[in-house]
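Here's the letter readout for the chains.
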Amino acid sequence: MARSSSAEKPMLIGQLARRTGTSERLLRYYERVGLLASTRRANGYREYDDGAEQTVGQIRALLAAGLSTSLIRQVLPCALSDGALRPCPGVLDKLHAQLAQLDRRAEELAQARRSLRQAITASEQAQRVD
């Protein structure tokens, strides 16, 4: 990851973890799957530029939205600093597909919830009769 200014001081993984509220283990995972980049010092320590903090925030927001890490890897290059996405080829279609999948899962969960509620109601009624 290139630094935008030579005046910026790179962060070590512990500093980035504290700034973002993300564990070091998770940051290493993000790097391993291609979501986050670092440079290495001669001693092997990871260094992150100031943009890494924003990138981690975007990753966490996209994960919270239900996106997989493989889809996030495609979406991140389209992310703007304000959290919006600029149009990138194919990304909008993939996001629509993800939304449709979430809608299907939400309906399945709603049906499971209704079924469970019915089972509880029937059980409570049977318990009152006994």
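Details of the structure are given in the entry above.
These remarks concern the structure in this document.

1. Considering the side chain of T22
And then number 1: Relative to the elements of secondary structure, T22 occurs in the loop between α1 (13-20) and α2 (24-32).
And then number 2: The buried category is assigned to T22, whose relative accessible area is 4%.
And then number 3: There is a polar contact of 3.2 Å between the side chain of T22 and the side chain of T20.
And then number 4: Not counting the four nearest positions on each side in its chain, T22 is found in contact with A17, L27, Y30, V56 and R60.

2. Digging into the packing of α1 against helix α3 (residues 51-64)
And then number 1: One can describe the packing of α1 onto α3 by two numbers: an axis separation of 10 Å at closest approach and a directional angle of 50 degrees. Taken together, the axis directions place α1 and α3 in an arrangement best described as oblique. α3 is crossed by α1, and the crossing has right-handed handedness. Residue-level contacts link L16, R19 and T20 of α1 to A52, E53, V56 and R60 of α3.
And then number 2: For the contact of α1 with α3, the class distribution of residues is three nonpolar, one polar and three charged.

3. Describing the packing of α1 against α2
And then number 1: Viewed as axis vectors pointing N to C, α1 and α2 meet at an angle of 105 degrees, and their least axial separation amounts to 9 Å. Considered as vectors, α1 and α2 are oriented roughly perpendicular to each other. Contact residues: α1 offers I13, G14, L16 and A17, while α2 offers E24, L27 and R28.

4. Description of the nonpolar core
Nonpolar side chains in soluble globular proteins tend to end up buried together.
And then number 1: Within the largest apolar cluster, 22 residues are counted, with the highest numbers of intra-cluster contacts made by L16, L27, Y30, L35, L36 and I72.
And then number 2: Looking at which element gives the most residues to this core, the answer is α3, with four residues.
And then number 3: Filtering out sequence-adjacent residues up to four positions away, L16 remains in contact with M11, L27, L36, Y48, A52, E53 and V56.

5. Some words on the packing of aromatic side chains
And then number 1: Tallying each qualifying case throughout the model produces one aromatic pair.
And then number 2: Residues Y29 and Y30 carry aromatic rings whose centres are separated by 6.4 Å and whose planes lie at 55 degrees to one another, so their mutual orientation is tilted.

The rules behind these values
- All residue numbers refer to positions counted from 1 along the written sequence of the respective chain.
- Where local features are concerned, this predicted model is filtered to residues with pLDDT of at least 70; where side-chain atom pairs are given and counted, the filter is 80 or more; whole-chain, interface and lining totals use all residues.
- Excluded from the side-chain calculation are hydrogens and water; included are all heavy atoms of the structure.
- Secondary structure elements are defined from DSSP: runs of H or I of at least 4 residues count as helices, runs of E of at least 2 residues count as strands, and each element is numbered from the N terminus.
- Only protein chains enter the calculation, and the probe is 1.4 Å; a residue is then buried if its accessible area is under 20% of its type maximum, exposed if over 50%, and partly exposed in between.
- Here a polar contact means two N or O atoms within 3.5 Å. Within protein one must be a hydrogen donor candidate and the other an acceptor candidate, and residues neighboring in sequence count only if both atoms are side-chain atoms.
- Here, two residues are considered to be in contact whenever any of their heavy atoms come within 4.5 Å of each other.
- Simply put, an axis is a line fit to the C-alpha atoms, just over the touching stretch for a helix, and the angle between two N-to-C directions goes from 0 to 180 degrees.
- In these notes the angle categories are as follows: under 35 degrees is roughly parallel, over 145 is roughly antiparallel, 65 to 115 is roughly perpendicular, and the rest is oblique.
- Helix crossings get a hand from a simple test, with the near helix turned counterclockwise from the far one by less than a right angle marking a left-handed crossing and a clockwise turn marking a right-handed one.
- Polar here means any residue outside two lists: the nonpolar Ala, Val, Leu, Ile, Met, Phe, Trp, Tyr, Cys and Pro, and the charged Asp, Glu, Lys and Arg; Gly therefore counts as polar.
- Within this scheme, the nonpolar core is defined by two criteria: the residues are buried Ala, Val, Leu, Ile, Met, Phe, Trp, Tyr or Cys, and they are joined through side-chain atoms within 4.5 Å.
- Stacked, tilted and edge-to-face are the three classes applied to pairs of Phe, Tyr and Trp rings, where Trp contributes its six-membered ring and a pair requires centres within 6.5 Å; stacked means planes under 30 degrees apart, edge-to-face means over 60, and tilted covers the rest.

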